[in-house]
Every structure is written in C-alpha cells, then in structure tokens.
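What follows is the residue order along each chain.
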Amino acid sequence: MNFAKSLLAAAGFVAVFASNAQAGDADSCKAVRFADVGWTDIQVITGIASSLFDALGYQSEVKTLSVPVTYASLKNKDIDVFLGNWMPSMTADVKPYFDDKSVEQLQPPNLEGAGYGIVVPQYVADAGIKSISDLAANKDKFGGKFYGIESGNDGNRIISTIIGDAKNNLAGWELVESSEAGMLTEAEKAMKNNEWILFLGWTPHPVMGEMKIAYLDGVGDYGFGPAKVYTNVRAGYLNECPNAGKLVSNLRFNLKMEGEMMAPVLKDGKDPKEVALEWIKANPDSINAWLEGVTTIDGGDAKAAAQALLK
C-alpha cells in the first residue's frame with residue numbers, strides 16, 4: 001500500500017514537472033498585437049519586442065495608430081501591448097482606461113530619465129525666452145505658432161491647453177500639427193536661418209540631442225518635464241498569456257540604447273525593426289535579462305531560440 005502510494009506520488013511529481021517544463025502559452029496567445037504611434041523611440045523598442053516574440057514562435061503584429069485609437073483598441077481587446085505610455089504627459093489620455101480597469105500599466109517603467117516639453121533654439125533662450133510667460137510679448141518673432149507632431153498626440157493636447165489658459169496670454173496663437181519628421185524639418189530650417197521657433201522636444205532623441213536647444217520653464221503643471229515611459233497591456237493579458245506577459249514585463253530600455261537605435265532611423269531612413277535587430281546583434285547580452293523566466297510559446301528554451309536573432 002505504501003509502495004503504491006509512493007508510485008502515485010512519484011507519478012504526480014513527474015506530471016507536475018512535465019507541466020512546468022512545458023509552460024509556454026496557449027495557441028490563442030500566438031498573435032501578439034502591438035500599437036505603434038509613429039514616434040521613433042517607440043518604433044525601435046517595438047521592433048525589439050516584436051523580433052523577440054517572432055524568435056520564440058509567436059507572430060507579432062504591429063499596427064500604426066494614434067494615441068486615442070491605441071487606448072480605445074486596448075480597451076476593445078484589438079491590441080495587446082503598447083510600449084509608449086509617457087508619463088505624466090499622458091495622464092489625461094490614460095486616466096479613463098485606468099479608472100475602468102480596461103488597460104493595465106506595468107511596473108516598473110520600461111524607461112526612466114526621459115524628458116518632454118516645449119523647446120526653443122539656444123539663441124532664443126539667450127535672448128531672454130526662458131519660460132512660457134515670455135512668449136506673449138514675442139508673438140511676431142515666433143509667428144504665433146507652436147510646432148507639434150501628429151494629431152491626437154499628448155504633447156499637442158498639452159500645447160493646446162497652454163494656449164487656451166488665459167493666464168498665459170496666448171490667445172490667437174496656433175498649434176501646427178504635423179509629424180515628428182515634419183516638425184524637425186521646420187525646426188532645422190528655422191535654426192539654419194537663425195529664426196525663432198517653438199516646438200516639441202524630448203529625450204531620448206538623437207537629432208534633438210545634437211541641436212542647441214533649451215526647454216522652457218512654466219510647463220510642469222501641464223504635464224511636461226521629467227518623464228518615465230511605461231508598458232501598457234489590455235486588461236487580463238498577463239493572466240491569459242502569462243509567458244508573453246512575462247516577456248513584456250521584462251522589457252527595460254535606457255536612454256543610450258534608444259538614442260543609438262533612433263539615429264539610423266531618423267538620419268538614414270532605415271527600417272526600425274531592422275535597426276532593432278542590428279542593435280541586438282551588436283549587444284547580444286541584452287537578450288538574457290529580457291528572456292529571464294520566459295520560454296518559447298511551446299515551452300522550449302527561449303534563450304536558445306533567440307540565438308537565431310544573432311546570426
């Protein structure tokens with residue numbers, strides 16, 4: 001009797017061991033759907049994430065969406081992962097979704113030490129433009145314009161709020177919505193001609209990092225300033241797809257690596273995913289931390305599978 005119990009216990013141990021060894025995810029988790037809002041930093045880190053998932057037997061899908069559509073899609077379960085929740089500037093964008101628990105913010109952030117705000121060329125700052133409060137008296141020099149990026153972006157929304165706040169005396173000023181590339185073209189043209197211009201600035205950014213620019217004061221209460229970037233997932237994703245969830249939870253980046261990847265995209269027009277793969281090949285040890293505690297979708301060795309990215 002005791003011998004039979006021992007056999008049953010041993011069989012149970014083997015079954016549990018086999019189950020644990022074949023963790024992975026269900027077939028319903030195979031497609032991993034990312035939102036890409038068109039910002040270069042988010043394009044390259046999404047390129048890293050999608051490449052890793054592909055190597056582990058998943059099928060990554062990247063959809064280019066605006067910020068508002070991204071969050072509506074996460075709520076509707078049409079998107080699984082978004083790596084670009086910049087905070088605190090996106091507080092108003094994400095609050096309804098955090099409040100109704102349709103979107104989850106993963107902790108800790110995937111990037112720290114970032115920054116976001118309104119910038120002017122250094123020669124404009126040297127001329128005395130240090131704060132939002134200095135703009136009203138210089139409307140003609142700026143042409144009464146702020147240059148932003150794509151429609152629906154949180155930075156544009158904050159600029160619109162700043163323009164609309166009566167205490168800033170900016171009635172009649174205009175927000176010019178464009179794209180990251182379009183805004184930078186305007187900024188570079190203005191700076192080449194020593195003209196005055198206001199535009200959105202952020203760190204990390206290789207092009208802005210080389211520009212002689214200054215961030216304006218007086219914008220902290222609106223959501224600009226030092227920033228952290230978080231990973232967001234649709235509600236329930238970590239429970240439904242624990243292995244995929246573990247991988248996205250492991251993703252951590254830094255200013256240096258993002259700057260290195262963004263440069264060839266912005267300066268040479270290279271494909272963000274191709275650039276991400278090149279960065280992984282040049283930094284093979286980076287894979288280890290991202291894949292800690294992760295398997296392939298069918299429970300195999302994730303680190304061995306990811307070696308294919310290094311060839």
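Keep in mind the model is a prediction, meaning the values are calculated, not measured.

What counts, and where the lines are drawn
- Here the residue index of a chain counts from 1 through its sequence in written order.
- With pLDDT at 70 or above as the cut-off, local features in this predicted model cover only qualifying residues; side-chain atom pairs require 80 or more to be listed or tallied, and sums for whole chains, interfaces and linings still use all residues.
- Excluded from the side-chain calculations are hydrogens and water; all other atoms, namely the structure's heavy atoms, are used.
- Note on conventions: DSSP H or I runs of at least 4 residues are helices, E runs of at least 2 residues are strands, and numbering of each starts at the N terminus.
- Classification of residues uses two cut-offs on accessible area relative to the type maximum, computed with a 1.4 Å probe and protein chains only: under 20% is buried, over 50% is exposed, and between them is partly exposed.
- Fitted lines through C-alpha atoms give the axes, limited to the stretch in contact for helices. The angle between two N-to-C directions lies from 0 to 180 degrees.
- Any angle between 65 and 115 degrees counts as roughly perpendicular, while under 35 counts as roughly parallel, over 145 as roughly antiparallel, and the rest as oblique.
- Residues count as neighbours in contact if any of their non-hydrogen atoms are within 4.5 Å of one another.
- One side-chain nitrogen of Lys or Arg within 4 Å of one carboxyl oxygen of Asp or Glu is enough to make a salt bridge.

**Some words on unusual backbone geometry**
With an omega of 15 degrees, the peptide bond between Met87 and Pro88 qualifies as cis. Of the consecutive residues Gln107 and Pro108, the connecting peptide bond is found in the cis state with omega at -5 degrees. Here the phi dihedral of Lys77 falls at roughly 65 degrees; this positive angle occurs in a residue that is not glycine. Its place among the elements puts Lys77 in the loop between helix H3 (67-75) and strand S3 (81-87). Within the chain, Asn194 stands out as a residue other than glycine whose phi angle is a positive 60 degrees. Looking at where Asn194 falls in the secondary structure, it is placed in the loop between helix H8 (180-192) and strand S8 (199-203). For Asn194, a relative accessible area of 53% corresponds to the exposed category.

**Description of the packing of H3 against helix H4 (residues 91-99)**
Two numbers describe how H3 lies on H4: the axes approach to 10 Å, and their chain directions differ by 10 degrees. Relative to H4, the element H3 lies roughly parallel. On H4, the residues touching Val67, Pro68, Tyr71, Ala72 and Lys75 of H3 are Asp93, Val94 and Tyr97.

**Focus on the pattern of salt bridges**
A complete count under the given rule lists 14 salt bridges for this structure. Here Glu278 and Lys270 are joined by a salt bridge, their closest N and O atoms 3.0 Å apart. Through salt bridges with shared partners, a single network forms among Arg33, Asp80, Arg234 and Glu240.

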